[in-house]
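Reading the structure
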Amino acid sequence: MKKYNLFKVLAITVIVTWILTLFIPSSYLDYSGKVVTDSVSGLGIVGLLSNLSISISYFNGIAVFLIAVACFYAIISKLDVYNKFVDNTATTFKNKEGLLVTITIIVFGVLACLVKDAMILIMFMPFIYQVMKKLEIDKKVILSSTIIATFVGAMNGIYDNTLFTTFNLKVNTLLLVKLIVLVLSLAILIFFTAPKKVKDSNSKKTAKKTSDKKAVKASTKSTTVKTVKKQNSKERKVNKVVYAILTLLLGTIGINKFYAGKIKAGILNIIFCWTLVPTILSIVEFITVLTEKADKDGKIPVNSNRRENVLFATSLVLFVLFAIATIIPWESLFTKFTAFSDFNTWLSNLKVGKYQIFNNVIGAPMATDSATGSTTGVISAIGSWTMTDMAIFLFIITAVIAICKKIKLDEFISSATSGIKKVLPVAITAMLISIVLVISVTTGINTTICNWIATLSKGFNIATATLSTMVGSVLTADFYYFVSSVASLFTGIVSDTNLYGVIALIAQSIYYLMMIIAPTSVGLIIGLYYLDIPYGKWFKYIWKVLLSLFVLIMISVIIVFVLV
């Protein structure tokens with residue numbers, strides 16, 4: 001029923017947008033940046049369905065990405081070591097729910113401020129959801145501390161290529177203002193959303209569940225110990241010294257895994273040795289092996305829970321750091337830094353004779369030809385990954401985990417299918433809501449409406465610019481298209497380029513502010529649908545945050561305008 005109410009809101013939004021096309025003339029920006037108004041380009045029923053097809057074909061990237069995330073968590077949830085990690089994290093923050101929410105808001109907010117596409121951070125949210133669900137934290141708080149914190153961080157994003165190119169800005173433009181507003185914005189979100197105190201009823205329920213779990217663990221522990229003892233007598237062992245030496249010296253290419261009889265793991269080490277990940281894991285495993293106690297014959301078990309836990313923790317850290325590194329635009333933030341582009345060029349030129357090893361076996365890295373200036377390749381450099389790149393990476397990692405943990409093909413397909421079924425309605429909904437964007441952009445009504453509002457006053461006016469941005473954000477709920485079709489019109493209205501920084505500040509902050517409540521906000525719809533939160537209840541919950549953030553933005557804009 002809750003999802004039904006959400007669909008009603010979405011349907012009404014689409015219908016209203018469609019009706020607007022029947023009466024409002026279309027507009028577009030010419031090459032000089034001026035708005036050219038044309039006749040009414042109303043969409044008939046066939047046109048509406050045609051736009052639906054366009055939204056599916058052009059915006060299926062978010063659906064593929066969500067499916068990749070679902071598959072990844074469906075498989076990783078099969079691992080005992082991951083489930084223990086989730087349980088331990090929840091146990092750590094028991095009766096400290098406010099601290100967990102505060103940390104989560106800060107982490108997502110800061111990351112969103114830095115990354116190229118803040119919505120990619122969705123890949124970390126299922127883990128947070130699993131932990132917070134165990135702590136019985138309210139779903140609206142979970143949504144606020146993840147997706148909404150991401151929007152708040154993006155409000156003060158340090159760099160956006162489309163915005164900066166349109167208004168000819170630099171990274172340090174209003175950087176201090178953005179950082180100050182970021183801190184205050186996150187403080188506002190924390191103040192209104194972080195739970196101050198856990199309800200006694202919840203505490204009793206949690207305590208009861210914890211005691212029940214302890215009883216189950218206690219009953220299964222003795223059985224597990226007996227089972228382990230029986231297995232240890234039959235388990236394969238290797239010489240500790242030999243295994244340690246092979247791990248340190250030849251672990252990068254998996255020789256230690258072959259020695260231990262783990263053929264698949266050894267092959268994977270060879271395949272991914274160029275990433276240096278096997279090298280790091282081998283060093284960590286070497287240290288763990290040294291501290292592991294050998295039997296009287298100097299041997300240690302091939303499989304060790306302690307070793308597995310350490311390697312999992314290390315792998316998790318590497319995965320998170322790498323994922324974050326791929327979406328922070330390093331070479332845009334630091335213009336003289338070209339290490340990642342240079343690395344891509346080196347990989348693309350890696351040959352044995354005339355045979356391009358990496359290009360043919362893995363895929364061609366994106367590299368710029370120094371002679372022609374053209375860019376070719378399919379693998380983006382670190383720092384410029386998109387949702388598609390991350391989706392491919394997650395699919396690969398999911399397959400690697402399944403192979404390493406010896407998950408059978410039938411079990412793998414069953415788990416992946418189960419995960420996809422859960423997220424598929426969310427993915428389809430997120431994709432279909434883009435029809436509002438397609439209708440607005442193809443007919444040009446968003447430019448027409450926003451231009452009408454912006455030109456209510458002569459020249460630049462904070463009130464009309466803000467109102468125009470608010471309306472344009474709802475009609476064009478994609479930042480790239482919003483900047484190119486709505487924010488860009490201010491370059492023709494405002495001749496004073498000194499005000500471009502103020503306009504960009506309004507455009508960026510108000511756009512992401514509106515994404516907190518806009519029924520066309522893909523990120524919000526994903527959160528509401530997945531967490532089964534009615535749109536009406538969400539608005540009642542978040543309006544104080546919204547109002548406070550709006551006041552903060554307006555104060556900062558006025559101060560900057562006065563100083564300019």
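It should be noted that the structure appears before, not after, this text.
All of the points below concern the structure found in this document. (Residues numbered from 1 in each chain as written. Predicted model: local features only at pLDDT ≥ 70, side-chain atom pairs only at ≥ 80, totals over all residues. Heavy atoms only, no water.)

Quick word on the overall build of the protein
Along its length, the protein carries 28 helices and eight strands. Whereas a compact globule of 564 residues would reach a radius of gyration of roughly 24 Å, the protein reaches 27 Å, a difference of no more than 12%. Each of the 564 residues in the protein was classed as buried or not, and the buried ones make up 46%. Expressed as a percentage of contacts within the protein between residues at least 6 apart in sequence, the contacts between residues at least 24 apart total 74%. Total accessible area on the protein is roughly 28300 Å²; 66% of this is exposed by carbon and sulfur atoms. Of the side-chain charges in the protein, 53 are positive and 26 negative, and the distance between the mean point of each set is 10 Å. (Helix = DSSP H or I, 4+ residues; strand = E, 2+ residues; numbered from the N terminus. Rg over C-alpha atoms; globule rule 2.2 N^0.38 Å. Buried < 20%, exposed > 50% of the residue type's maximum accessible area, 1.4 Å probe, protein only. Contact = heavy atoms within 4.5 Å. Areas by Shrake-Rupley, 256 points an atom, 1.4 Å probe, with all protein chains shown as cover. Lys, Arg positive; Asp, Glu negative; His and termini not counted. Charge placed at Lys NZ, Arg CZ, Asp CG, Glu CD.)

Quick notes on the nonpolar core
Judged by nonpolar contacts, the single largest core of 140 residues is most densely connected at Phe65, Met123, Met390 and Ile516. When residues in this core are grouped by element, the largest group, 13 residues, is from helix H3 (residues 61-76). The contacts of Phe65, once residues within four sequence positions are left out, are Met119, Ile120, Ile122, Met123, Met387, Met390, Ala391 and Leu394. Formed by eight residues, the second largest nonpolar core is a distinct cluster that contains Val238, Tyr243, Phe286 and Ile300. (Core = buried A, V, L, I, M, F, W, Y, C linked by side-chain atoms within 4.5 Å.)

A look at helix H6 (residues 125-134)
Of all 10 residues in H6, seven are buried; the element is thus mostly enclosed. Along H6, the residues classified as buried are Met125, Pro126, Phe127, Ile128, Tyr129, Val131 and Met132. Buried residues along H6 sit in contact with H3, helix H4 (80-92), helix H5 (97-114), helix H7 (139-155) and helix H27 (522-531). A positive backbone phi angle near 60° is found at Glu136, which sits one or two residues after H6.

Section: the packing of aromatic side chains
Per the counting criterion, the structure on display carries 24 aromatic pairs. Summarising the aromatic geometry, the rings of Tyr480 and Tyr481 are spaced 5.2 Å apart at their centres and angled 85° between planes, so their arrangement reads as edge-to-face. By relative accessible area, Tyr480 is classed as partly exposed at 46%. With relative accessibility at 27%, the residue Tyr481 sits in the partly exposed group. Taken together, the aromatic side chains of Phe72, Tyr73, Phe319, Phe322, Trp385 and Phe393 make up a single cluster linked through ring pairs. One cation-aromatic arrangement involves Lys140 over Tyr541; the distance from NZ or CZ to the ring centre is 5.8 Å. (Phe/Tyr/Trp six-rings, centres within 6.5 Å; stacked < 30°, edge-to-face > 60°. Lys NZ or Arg CZ within 6 Å of the ring centre and 35° of its normal.)

Notes on the pattern of salt bridges
By the definition in use, this model includes seven salt bridges. With its nearest N and O atoms 3.1 Å apart, the salt bridge here joins Lys78 to Glu411. You can see Lys78 sitting in the loop between H3 and H4 and its partner Glu411 sitting in helix H20 (residues 409-432), a full 333 residues away along the chain. Since its relative accessible area comes to 34%, Glu411 is described here as partly exposed. For Lys134, the salt bridge is made with Asp87, and the minimal N-O distance between the two is 3.1 Å. With Lys134 in helix H6 and Asp87 in helix H4, this residue pair connects regions lying 47 residues apart in the sequence. The class of Lys134 is partly exposed, set by a relative accessible area of 38%. (Salt bridge = Lys/Arg side-chain N within 4 Å of Asp/Glu carboxyl O.)

A short note on unusual backbone geometry
In this structure, Asn95 is a non-glycine residue whose phi angle is positive, near 65°. Its place among the elements puts Asn95 in the loop between H4 and H5. Within the chain, Asp532 stands out as a residue other than glycine whose phi angle is a positive 60°. Structurally, Asp532 can be placed in the loop between H27 and helix H28 (535-563). Exposure remark for Asp532: the relative accessible area of 25% places this residue in the partly exposed category.

A closer look at a nonpolar patch on the surface
Nonpolar side chains collect at one region of the surface, where Val241, Ile245, Leu248, Leu249, Leu250, Ile253, Ile270, Ile283 and Ile287 lie side by side and expose about 800 Å² of accessible area between them. Elements supplying a minimum of two residues to the nonpolar patch: helix H11 (240-250) and helix H14 (277-290). No other element matches H11, which puts five residues into the nonpolar patch. With respect to the helices, strands and loops of the structure, Ile287 is situated in helix H14. (Patch = residues over 30% accessible without salt bridge, like charges linked within 9 Å, V, L, I, M, F, W, Y side chains within 5 Å.)

Considerations on the side chain of Ser415
Looking at the secondary structure, you find Ser415 in helix H20. Residues in contact with Ser415, not counting those within four places in the same chain, are Ala74, Ile75 and Lys78.

Focus: the packing of H11 against H14
In contact at an axis separation of 8 Å, H11 and H14 are set at 160° when each is read in the N-to-C sense. Considering the angle they form, H11 stands roughly antiparallel to H14. Judged by the twist between their axes, the crossing of H11 over H14 is left-handed. Within the contact between the two elements, H11 uses Lys240, Tyr243, Ala244, Thr247 and Leu248 and H14 uses Ser282, Glu285, Phe286, Val289 and Leu290. Grouping the constituent residues of the contact of H11 with H14 by class yields six nonpolar, two polar and two charged. (Axes fitted to C-alpha atoms, helices over the stretch in contact; angles between N-to-C directions. Parallel < 35°, antiparallel > 145°, perpendicular 65-115°, else oblique. Left-handed = near helix turned anticlockwise from the far one by under 90°. Nonpolar A, V, L, I, M, F, W, Y, C, P; charged D, E, K, R; others polar.)

Quick word on the environment of Ala325
Locating Ala325 in the fold gives a position in helix H15 (residues 305-327). Overall, the relative accessible area of 18% leaves Ala325 in the buried class. Apart from residues no more than four positions distant in its own chain, Ala325 is found in contact with Trp330, Ile382 and Gly383.

Overview of the side chain of Ser304
Tracing the chain through its elements places Ser304 in the loop between strand E4 (299-301) and H15. There is a polar contact of 3.3 Å between the side chain of Ser304 and the backbone nitrogen of Arg307. (Polar contact = N/O pair within 3.5 Å; in protein donor to acceptor, adjacent residues only side chain to side chain.)

Quick word on the environment of Lys354
By secondary structure assignment, the location of Lys354 is in the loop between strand E5 (351-352) and strand E6 (355-356). For the pair Lys354 and Pro301, spaced 53 residues apart in sequence, the C-alpha separation works out to 45 Å.

Considering H4
The first and last C-alpha atoms of H4 sit 18 Å apart over 13 residues, in line with the 18 Å expected at 1.5 Å per residue. Residues Val81, Tyr82, Val86, Thr89 and Ala90 constitute the buried set of H4. In this structure, the buried residues of H4 make contact with H3, H6 and H15. (Expected span 1.5 Å × (residues − 1).)

That's the geometry; what it means functionally is another story.
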